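# Geometric and topological summary
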Amino acid sequence: MSSDATTATPTPTALDTLEPEEAPHGIGTSLPSADARAKAEGTFPYASDLWAEGLLWAAILRSPHPHARIVSIDTSAAADMPGVRAVVTHADVPGEATYGRTVADRPVFASELVRHHGEAIAAVAADHPDTARLAAAAIAVEYEVLEPVTDPEKAFAAEALHPDGNLIRHIPLRFGDAEAAGEVVVEGLYRIGRQDPAPIGAEAGLAVPRPDGGVELYTASTDPHTDRDLAAACFGLSPEQVKVVVTGVPGATGDREDPGFQIPLGLLALRTGCPVKLTATREESFLGHAHRHPTLLRYRHHADAEGRLVKVEAQILLDAGAYADASSESLAAAVAFACGPYIVPHAFIEGWAVRTNNPPSGHVRGEGAMQVCAAYEAQMDKLAAKLGMDPVDVRLRNVLATGDILPTGQTVTCPAPVAELLAAVRDFPLPSLPMDTPEEDWLLPGGPEGAGEPGAVRRGVGYAIGMVHMLGAEGADEVSTATVKVQDGVATVICAAVDTGSGFSTLARQIVQETLGLEEVHIASVDTDQPPAGPATHGRHTWVSGGAVERAAKMVRTQLLQPLAHKFGMSTELLQITDGKITSYDGVLSTTVMEAMDGKELWATAQCRPHPTEPLDESGQGDAFVGLAFCAIRAVVDVDIELGSIRVVEMAVAQDVGRILNPAQLSARIEAGVTQGVGAALTENLRTTRGLLRHPDFTGYALPTALDAPDIRVVKLVEERDVVAPFGAKPASAVPVVTSPAAVASAVRAATGRPINRLPIRPQAAVGAPTA
């Protein structure tokens, strides 16, 4: 390698041409977030910063066992402690004893049985946080420890862990001819570990009792109306008596959707008549919220001699943990996308989600789709190896395109430029090899202080393509409502869409700027007094809430332009708003938005509801998804085959985004998604021993840091607008999370010649001589 290799000019990528404008304004610009400065300076108020006069502190007692019968609970010692104001258990829940977004199977407090490590038993309110924790620890619980069921394969025959049984859902997908067979067959068994959302800020909230006997919950909720309804049912109150106010959300990839922290908080506030605050420790956060489903996958791919897929057979088993949560939805995605973005004439997939005594699983970005992507892409690598073909060529012979049919029977009607994406990452120049000099030791796997030797390092290049669905699925009623008000040249958007880091607040400002020509746009804080907007998952708010904001803004635009159009005898369609000025097509009319407003207050409310979907039937068939998004990634890794240490050198990403709404935010979303996927590939595994969480903290759960993040090169963004989506845009962050673990595993496979059938990749899997 030449000595000047490391100083060569970097190859331009797709985002290099998307520079922010000097004065960003409207759709397509890099308008900065309104709260960016406050967050950077540390002055942004998060949920953990809340305060109220007469504040009490809450603590929750959690089970030390994954499975046990509760013989007795004695709260007297805790209640008698100085400073303790209330102790509540299952006996003190005035309304519904259980809750759940899809199935109400999870108790507020365990009463007879404990079904997972960390399950809530009781909660305490006291005048000091230390007192609350001491009081919780003083509650005497007598347990009869039971044998936990921690192997999901044994859950089918095990004694029922729940009155609803151990099987949550079974989906048998049948597509094509069961007798079809290919000339070449490859098989594989794959395991995906338990990834935690690992929010930077742990769960926190404040409950304030109201004079009417109700309660207000100030939390970092991502679905405030559902949280309100669940809490109200448990409190024995009407939804109107419970108000959820969304406070600063320190990022969310699904972990904010569990009301298990909020309901005990509200009960304590109602019991004491005082504001009560809860700030979870990192250990409580790990114990309390849901995680990505650990998954076992068995695959058999059939292909002809040219590498074209004939049939895919698969068995997919999701470990739901103790309760159902989002397992039904995750299983539907896993089964529907089990074959990946490939044309498969015949597919037979069996999918199950089962209860165990492991920690609960739920919504985590790309749920279901990420697990199967790792498996079907491993199968494509195996197929290429068996046929002696290039892995990219095998994939290109089979990729989906618009108009093709999924194994669920649904026709792909949205843009699906899968071949274009894969070709883009294949053709992007590879990074330089590290030089074998002491100055470049930091480039070795293990870092500058590592024990690796350059001679043991092997470089590998791997590929993966992935897909996710947009919005809810299987008949979910996707609807959002937004109001746009304009007065004195200032616009205000009222929409209960929670910005969890997706950039919705910034997008809403851009929409109003673009439509009304106003620069100053404010986004109202979110609470349940507003009409519902639904959960912040699957890119919903970009599509559904953004669509509602756009419609409301256009209605205000019509109100603004109608008098002018009438005065000049033309239709409003012949008038345009640009940079705060209103002009007619012929130049006769030219005025400013402020002059046209003339002190009036204009407002409009609108809804957006995408076209309906339907549940999968008994054969796994149905138009279950509103739309799809695709991504291709090429991973380059260096592997020390003596130590098993792995360094991800570069991730080249090509993605179909529909339309670029905010270049800077799009870049950040893709990079964050890739980094989260690298964590799932290499380090993130919330380990358990017989159902007990091991090291539930950031010393035992290894997140990728800035030093672990690879060079992420966005080499192509395909802007082929989805005609049924507002603005034509697609969600950006989930599909790189889904695709990047499979790409890393493919690259390690290429470097070592070893099968790599488990995520995260353990060092011993990358050590030693290649295996067949």
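Structure report, in brief. All of these numbers come straight from a predicted model, not from anything done at the bench.

## Quick notes on the overall build of the protein
- Tallying secondary structure elements over the protein gives 15 helices and 31 strands in all.
- Overall, the protein is about 85 × 75 × 60 Å in size when its C-alpha atoms are taken along their principal axes.
- Considering the protein as a whole, with its 772 residues, one finds that 60% of them fall into the buried category.
- When contacts within the protein are restricted to residue pairs at least 6 apart in sequence, long-range pairs at least 24 apart make up 79% of them.
- In the form shown here, the protein has an accessible surface area of approximately 29700 Å², with 51% of it arising from carbon and sulfur atoms.
- Counting 60 positive and 97 negative side-chain charges, the protein places the centres of these two groups 2 Å from one another.

## Observations concerning the nonpolar core
- Among the nonpolar cores identified, the biggest contains 108 residues, and Tyr-299 and Val-744 are the most heavily contacted of them.
- Among the elements that take part in this core, helix H8 (residues 369–387) stands out by supplying eleven residues, more than any other.
- With residues up to four places along the chain from it excluded, the contact list for Val-744 reads Ala-635, Val-637, Val-648, Met-651, Val-678, Ala-681, Leu-682 and Ile-761.
- If you look at the next biggest cluster of nonpolar residues, it comprises 55 residues, including Val-249, Val-486, Val-498 and Leu-589.

## A look at the sheet that holds strand E31 (residues 758–759)
- Read from one edge to the other, the open sheet built from six strands follows the order E9-E17-E16-E15-E10-E31, with strand pairing classed as mixed. Every interior strand has two partners, whereas the edge strands, strand E9 (167–175) and E31, have only one.
- Strand direction decides the pairing type here: strand E10 (residues 184–192) and E31, joined by two bridges, are parallel. Within E31, the residue paired with Arg-191 across the bridge is Arg-758.

## Regarding the packing of aromatic side chains
- Taken as a whole and judged by the stated rule, the model has seven aromatic pairs.
- For the pair Phe-44 and Tyr-46, a centre-to-centre distance of 4.9 Å together with 65 degrees between the ring planes defines the contact as edge-to-face.
- Here Phe-44 falls in the buried class, since its relative accessible area comes to 17%.
- Take Tyr-46: its relative accessible area is 25%, and that puts it in the partly exposed class.
- An aromatic cluster of three or more residues is present, and its members are Phe-286, Phe-698 and Tyr-701.
- Above the plane of the ring of Phe-44 lies Lys-39, whose end atom (NZ or CZ) is 4.9 Å from the centre.

## Quick look at the pattern of salt bridges
- Overall, the coordinates contain 33 salt bridges when judged by the stated rule.
- Arg-133 serves as the salt-bridge partner of Asp-130, at 3.4 Å between the closest nitrogen and oxygen. Separated by three residues within a single helix, Asp-130 and Arg-133 lie in helix H3 (residues 129–138), roughly one turn from each other.
- Across the salt bridge formed by Arg-298 and Glu-153, the nearest N and O atoms sit 2.8 Å from each other. One end of the pair, Arg-298, is in strand E15 (residues 295–303); the other, Glu-153, is in the loop between strand E8 (140–145) and E9, with 145 residues separating them in the sequence.
- For Glu-153, a relative accessible area of 33% puts it in the partly exposed group.
- The structure contains a network of salt bridges with shared partners spanning Glu-377, Asp-381, Arg-395 and Arg-749.

## Details of the environment of Thr-739
- Mapping Thr-739 onto the fold places it in helix H15 (residues 734–752).
- Residues in contact with Thr-739, not counting those within four places in the same chain, are Cys-373, Ala-464, Ile-465, Gly-466, Cys-631 and Ile-633.
- Only 3.5 Å separates the side chain of Thr-739 from the backbone nitrogen of Gly-466, close enough to count as a polar contact.

## So, the state of the cysteines
- Tallying each qualifying case throughout the model produces zero disulfides.
- Not part of a disulfide, Cys-631 finds its nearest cysteine sulfur in Cys-373, a span of 8.9 Å.

## Considering the sheet that holds strand E26 (residues 625–640)
- Read across the sheet, four strands follow the order E18-E26-E27-E30 without closing on themselves; strand pairing throughout is mixed. Edge positions in the sheet fall to strand E18 (457–473) and strand E30 (711–718), since each of these pairs with one other strand and no more. On average, each strand axis in the sheet is inclined to that of its neighbour by 20 degrees, with strand direction left out of account.
- As paired elements, E26 and strand E27 (residues 646–656) share nine bridges and run antiparallel to each other. Pairing of Asp-638 across the sheet is with Arg-647, part of E27.
- Lying on the sheet, helix H10 (residues 418–427) is in contact with E18, E26, E27 and E30; it crosses E26 at an angle near 20 degrees.

## With respect to helix H12 (residues 540–568)
- With 29 residues, H12 extends 41 Å from end C-alpha to end C-alpha; this agrees with the ideal 42 Å at 1.5 Å per step.
- At Leu-561, H12 shows its largest kink, close to 40 degrees, and the proline Pro-563 lies no more than four residues downstream.
- Just downstream of H12 lies Gly-569, where phi reads positive at about 70 degrees.

## Focus on the packing of helix H11 (residues 504–516) against H12
- Contact geometry for H11 and H12: axes closest at 9 Å, N-to-C directions at 25 degrees. Classified by the interaxial angle, the pair formed by H11 and H12 is roughly parallel. Of the two elements, H11 crosses H12, and the hand of that crossing is right-handed. Of the residues in H12, those touching H11 at Phe-504, Leu-507, Ala-508, Ile-511, Val-512, Thr-515 and Leu-516 are His-541, Thr-542, Ser-545, Gly-546, Val-549, Glu-550, Ala-553, Lys-554, Val-556 and Arg-557.
- In terms of residue class, the contact of H11 with H12 is built from nine nonpolar, five polar and three charged.

## Examining H11
- In this model H11 runs 18 Å from its N-terminal to its C-terminal C-alpha over 13 residues, within 8% of the 18 Å that 1.5 Å per residue would give.
- For H11, the buried fraction is high: eleven of the 13 residues fall into the buried class.
- Within H11 the residues assigned to the buried category are Phe-504, Thr-506, Leu-507, Ala-508, Arg-509, Gln-510, Ile-511, Val-512, Gln-513, Thr-515 and Leu-516.
- Downstream of H11 by one or two residues, Gly-517 has phi in the positive range, about 70 degrees.

## What about the side chain of Glu-367?
- Residue placement: Glu-367 occurs in the loop between strand E17 (346–355) and H8.
- Buried within the structure, Glu-367 lacks any salt-bridge partner; Arg-292 is the closest side chain of opposite charge, at an N-O distance of 5.8 Å.
- One polar contact links Glu-367 to His-363, side chain to side chain, over a distance of 2.6 Å.
- Those residues in contact with Glu-367, other than ones at most four positions away along the chain, are Arg-292, Ser-330, Ala-333, Gly-362 and His-538.

## Topic: a negative patch on the surface
- Judged by side-chain charge, Glu-614, Asp-617, Glu-618 and Asp-623 come together as a negatively charged surface patch.
- Mapped onto the secondary structure, Glu-614 falls in the loop between strand E25 (602–608) and E26.

## So, the environment of Val-724
- Residue position: Val-724 is located in the loop between E30 and H15.
- Separated by 443 residues in sequence, Val-724 and Thr-281 have C-alpha atoms that sit 44 Å apart.

## Describing the pairing of strand E13 (residues 242–246)
- In terms of burial, E13 is largely enclosed, as five of its five residues are buried.
- Every second residue of E13 is oriented toward a common face, with Val-242, Val-244 and Val-246 on one face and Lys-243 and Val-245 on the other, all of them buried.
- Looking at chain direction, strand E12 (residues 215–219) and E13 are connected through five bridges and run parallel. Along E13, the bridge assignment pairs Val-215 with Val-242.
- The handedness of the E12 to E13 crossover, carried by helix H4 (residues 224–235), is right-handed.

Rules of the game
Residues numbered from 1 in each chain as written. Predicted model: local features only at pLDDT ≥ 70, side-chain atom pairs only at ≥ 80, totals over all residues. Heavy atoms only, no water. Helix = DSSP H or I, 4+ residues; strand = E, 2+ residues; numbered from the N terminus. Buried < 20%, exposed > 50% of the residue type's maximum accessible area, 1.4 Å probe, protein only. Contact = heavy atoms within 4.5 Å. Areas by Shrake-Rupley, 256 points an atom, 1.4 Å probe, with all protein chains shown as cover. Lys, Arg positive; Asp, Glu negative; His and termini not counted. Charge placed at Lys NZ, Arg CZ, Asp CG, Glu CD. Core = buried A, V, L, I, M, F, W, Y, C linked by side-chain atoms within 4.5 Å. Pairing = 2+ DSSP bridges. Phe/Tyr/Trp six-rings, centres within 6.5 Å; stacked < 30°, edge-to-face > 60°. Lys NZ or Arg CZ within 6 Å of the ring centre and 35° of its normal. Salt bridge = Lys/Arg side-chain N within 4 Å of Asp/Glu carboxyl O. Polar contact = N/O pair within 3.5 Å; in protein donor to acceptor, adjacent residues only side chain to side chain. Disulfide = S-S within 2.5 Å. Axes fitted to C-alpha atoms, helices over the stretch in contact; angles between N-to-C directions. Expected span 1.5 Å × (residues − 1). Bend = angle between axes of the 7 residues up to and from the residue. Parallel < 35°, antiparallel > 145°, perpendicular 65-115°, else oblique. Left-handed = near helix turned anticlockwise from the far one by under 90°. Nonpolar A, V, L, I, M, F, W, Y, C, P; charged D, E, K, R; others polar. Patch = residues over 30% accessible without salt bridge, like charges linked within 9 Å, V, L, I, M, F, W, Y side chains within 5 Å. Right-handed = clockwise from strand over helix to strand, strands pointing away.

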